[in-house]
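Residues per chain, in single letters:
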Amino acid sequence: MSSSYDYRVTPLGWDKVDGLANQIRGLLKLSDIPCFPIVEVLEQVLPRLVGSEDGFSFQVCSEGEMGSAEGLTCPEGTFIRVREDVYDEACCGGGRARFTLSHELGHFLLHTGQNQPLARARPNEKLRAFESAEKQADRFAATLLMPFHLLDEDDVSSVMGRFGVSKSAATVKLEKMVKDGLL
Ligand SMILES: [Zn+2]
């Protein structure tokens, strides 16, 4: 969602992507907390976990530097960059911005070392969802922000408030869960 390009990456089942999101919550002892503190995790926890000696940094960049990109994750895993206005919005609990940050964390955890230039999809090429870097990062973000085990209601505005997500993210997730018979 942060880039107009997509990349073909190693195919990954949604259960694997969900498993990683839940693992991160577990590792941070946040399994039972609905509203995942994505800003704090990117800004404080991740640099500590990865180690700044490995050259990782979380960077907030101006619109001039980022252009239309709201977020950008280094394919080699050395930085996650977020546009200033998106960062500010996420700090204020904005659901759309929180999703963007979570999506970038998904790229970092799932795709570091995988974004070979040759794997960039051509503009009209249709990647299958499970091999699309963008779809995988979106799935990761949706599960990280709204873990299945904490979702026990189908009220969109209540989910938005409890989990700190946008109306569209809550709607898509709930529709999917109803369709899969999980709600
Ligand atoms: Zn992306």
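Because the structure is a prediction, the values reported are computed rather than measured.

Rules of the game
- Residues numbered from 1 in each chain as written.
- Predicted model: local features only at pLDDT ≥ 70, side-chain atom pairs only at ≥ 80, totals over all residues.
- Heavy atoms only, no water.
- Helix = DSSP H or I, 4+ residues; strand = E, 2+ residues; numbered from the N terminus.
- Buried < 20%, exposed > 50% of the residue type's maximum accessible area, 1.4 Å probe, protein only.
- Contact = heavy atoms within 4.5 Å.
- Donors = N, O, S within 2.8 Å, 3.2 Å for Na, K, Ca; no water.
- Tetrahedral: all angles 85-135°; square planar, octahedral: opposite > 155°, others 65-115°.
- Expected span 1.5 Å × (residues − 1).
- 1 Å grid on protein atoms, 1.4 Å probe; cavity = no way out; pocket = protein on both sides within 12 Å on 5 of 7 lines; lining within 4 Å.
- Points joined across faces, edges and corners; volume = space filled by probe spheres on them.
- Nonpolar A, V, L, I, M, F, W, Y, C, P; charged D, E, K, R; others polar.
- Pairing = 2+ DSSP bridges.
- Axes fitted to C-alpha atoms, helices over the stretch in contact; angles between N-to-C directions.
- pLDDT = per-residue confidence, 0-100.

Examining the side chain of H107
Looking at the secondary structure, you find H107 in helix α5 (residues 95-111). A relative accessible area of 11% means that H107 is categorised as buried. Setting aside anything within four residues of it in sequence, one finds H107 in contact with T73, T112, A133, E134 and A137.

Notes on the coordination of the zinc ion
Within the protein, the zinc ion binds to H103 (NE2), H107 (NE2), E134 (OE) and E134 (OE); these donor distances fall in the range 2.1 to 2.5 Å. Here the zinc ion binds four donor atoms, and the angle range of 54 to 124° at the metal identifies the geometry as irregular.

A closer look at α5
With 17 residues, α5 ought to run about 24 Å at 1.5 Å a step, and its terminal C-alpha atoms sit 24 Å apart, in line with that. Burial runs high along α5: 15 of the 17 residues are buried. Two residues or fewer after α5 comes G113, characterised by a positive phi angle close to 85°.

So, the layout of surface pockets
One number sums up the size of the largest pocket: a volume of about 420 Å³. Lining the largest pocket are 19 residues, with F99, D138, A142, V172 and K176 positioned closest to its centre. If you list the elements that add at least two residues to the lining of the largest pocket, you get α5, α6 (133-145) and α8 (167-179). Residue composition of the lining of the largest pocket, grouped by class: nine nonpolar, three polar and seven charged.

Brief notes about the sheet that holds strand β1 (residues 57-61)
Ordered in space as β1-β3-β2, the three strands form an open sheet in which the pairing is mixed. Both edges of this open sheet fall to β1 and β2 (71-73), since each of them pairs with a single strand only. Within this sheet the neighbouring strands show an average axis-to-axis angle of 15°, counted without direction. Relative to strand β3 (residues 79-83), β1 runs parallel, the two being bridged by five bridges. Each residue of the ladder has a partner; that of V60, found in β3, is V82. In this fold α5 packs onto β2 and β3, with an angle of close to 10° to the strand it touches most, β2.

A closer look at the confidence of the model for the chain
Low pLDDT means the predicted coordinates in that region are not meant to be read closely. Predicted confidence across the chain gives a mean pLDDT of 91, with 91% of residues reaching 70 or more. The lowest-confidence element of the chain is β2, averaging 93 in pLDDT; the highest-confidence one is helix α4 (residues 84-91), averaging 98.

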